[in-house]
Amino acid sequence: MYRHARPLIAALALISTASAQAAPAPACIAPAEMRGMIGYFLPEVITEVTSNCAAHLPTDAYLRAGLPRLASQLSDAKTRNWPIAKAAFLKMSRGSADEKRFASLSDKALRPIVDAAMSEKMKISISPASCGEVNDITEALAPLNAEQTVNLLATILSAVARKDSKMRSCPRETL
């Protein structure tokens, strides 16, 4: 009897192997998408950090005097970064109850939803006692232009988000 079951077992093994190979790989955020997301949302993050810390720093602190200039430069590129940020957001919504609804929405309808969801995800809580260090860090990064700042932050976020369940970054390709 076992001899007759071998073809069936072999067929089942092939089917299960084919099914496993056909299953889509989990979505990950590619480096270009991470840069697009950071470029799209960083102006709001900077504005929030600046408003949270402004009252706790002197008026000539870099965070108050120089960082808003970077936010302005980044805001100029926001529209250009939208399609890339949108693609990353849609990847992050895969498997959610809203996946199909998000994919079917126009940009005009989807953009406010993405803005609200990602602003919540990227919200940074800073205590007044930490504002001095935040100022020092942002001032140390001041020699970087807007694009370099985005690239640096996207690289850092990609490195730390590889195991994140909602915003998992793709594995780094070897150079």
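Placed above this text is the structure.
Description of the structure in this document. Since we're looking at a predicted model, the values are computed, not measured.

### What about the environment of Glu99?
- Secondary-structure assignment places Glu99 in helix α6 (residues 99–104).
- Once you skip the residues sitting within four places of it in the chain, Glu99 turns out to touch Ser93 and Arg94.

### Examining helix α9 (residues 146–160)
- Taking 1.5 Å of rise per residue, 15 residues should cover 21 Å, and α9 covers 21 Å from first to last C-alpha, within 8% of that figure.
- Inspection of α9 places Ala146, Thr149, Val150, Ala154 and Ser158 among the buried residues, and these make up the whole buried set. Looking straight down α9, one finds that the buried residues subtend no more than 160° of arc, so they occupy a single side.
- On its buried side, α9 packs onto α2 (31–53) and α4 (67–76).
- Residue Asn145 occupies the N-cap position of α9, its side-chain oxygen lying 3.0 Å from the main-chain nitrogen of Glu147.

### Re the packing of α4 against α9
- Look at α4 against α9: their axes get within 9 Å of each other, and the N-to-C directions meet at 90°. Taken together, the axes of α4 and α9 lie roughly perpendicular to each other. Where α4 approaches α9, its residues Leu70, Gln73 and Leu74 are matched on the opposing element by Ala146, Thr149 and Val150.
- Its residues placed into classes, the contact of α4 with α9 shows four nonpolar, two polar and no charged.

### Side note on the state of the cysteines
- Taken as a whole, this structure holds two disulfides when the rule is applied.
- Covalent S-S linkage joins Cys28 and Cys170, the inter-sulfur distance amounting to 2.0 Å. Given an S-S torsion of about 90°, the disulfide between Cys28 and Cys170 has right-handed geometry. You can see Cys28 sitting in the loop between α1 (2–22) and α2 and its partner Cys170 sitting in the segment after α9, a full 142 residues away along the chain. Grouping residues by exposure puts Cys28 and Cys170 together as buried.

### A word on the nonpolar core
- Of all hydrophobic cores here, the largest spans 36 residues; its most connected members are Met37 and Met118.
- Residue assignment for this core shows that the elements contributing at least two residues are α2, α3 (62–65), α4, α5 (78–92), α7 (107–121), α8 (131–140) and α9.
- Ranked by the residues each element gives to this core, the list is headed by α2, at ten residues.
- Setting aside residues no more than four positions away along its own chain, Met37 makes contact with Ile29, Ala85, Ala88, Met92, Met118 and Met167.

### A short note on the packing of aromatic side chains
- Across all of its chains, the model carries three aromatic pairs by this definition.
- With centroids separated by 4.7 Å and ring planes inclined at 85°, the aromatic side chains of Tyr40 and Phe41 adopt a geometry described as edge-to-face. Like Tyr40, the residue Phe41 is buried in the burial classification.
- Each residue in the set Tyr40, Phe41 and Trp82 is aromatic and connected to the rest through ring pairs, giving one cluster.
- In this structure, Lys78 packs its charged tip against the face of Tyr40, placed 3.9 Å from the ring centre.

### Comments concerning the pattern of salt bridges
- One pass over the full model with this rule turns up three salt bridges.
- Across the pair Lys91 and Glu33 runs a salt bridge, and its minimum N-O distance is 2.9 Å. In this pair, Lys91 is assigned in helix α5 and Glu33 in helix α2, connecting sequence segments 58 residues apart.
- A salt bridge links Lys86 to Asp107, with the nearest nitrogen and oxygen atoms 2.6 Å apart. With Lys86 in helix α5 and Asp107 in helix α7, this residue pair connects regions lying 21 residues apart in the sequence.
- On the accessibility criterion, Asp107 (34% relative accessible area) is partly exposed.

Reading the values: the criteria
Residues numbered from 1 in each chain as written. Predicted model: local features only at pLDDT ≥ 70, side-chain atom pairs only at ≥ 80, totals over all residues. Heavy atoms only, no water. Helix = DSSP H or I, 4+ residues; strand = E, 2+ residues; numbered from the N terminus. Contact = heavy atoms within 4.5 Å. Expected span 1.5 Å × (residues − 1). Buried < 20%, exposed > 50% of the residue type's maximum accessible area, 1.4 Å probe, protein only. Arc of directions from axis to C-beta. Polar contact = N/O pair within 3.5 Å; in protein donor to acceptor, adjacent residues only side chain to side chain. Axes fitted to C-alpha atoms, helices over the stretch in contact; angles between N-to-C directions. Parallel < 35°, antiparallel > 145°, perpendicular 65-115°, else oblique. Nonpolar A, V, L, I, M, F, W, Y, C, P; charged D, E, K, R; others polar. Disulfide = S-S within 2.5 Å. Core = buried A, V, L, I, M, F, W, Y, C linked by side-chain atoms within 4.5 Å. Phe/Tyr/Trp six-rings, centres within 6.5 Å; stacked < 30°, edge-to-face > 60°. Lys NZ or Arg CZ within 6 Å of the ring centre and 35° of its normal. Salt bridge = Lys/Arg side-chain N within 4 Å of Asp/Glu carboxyl O.

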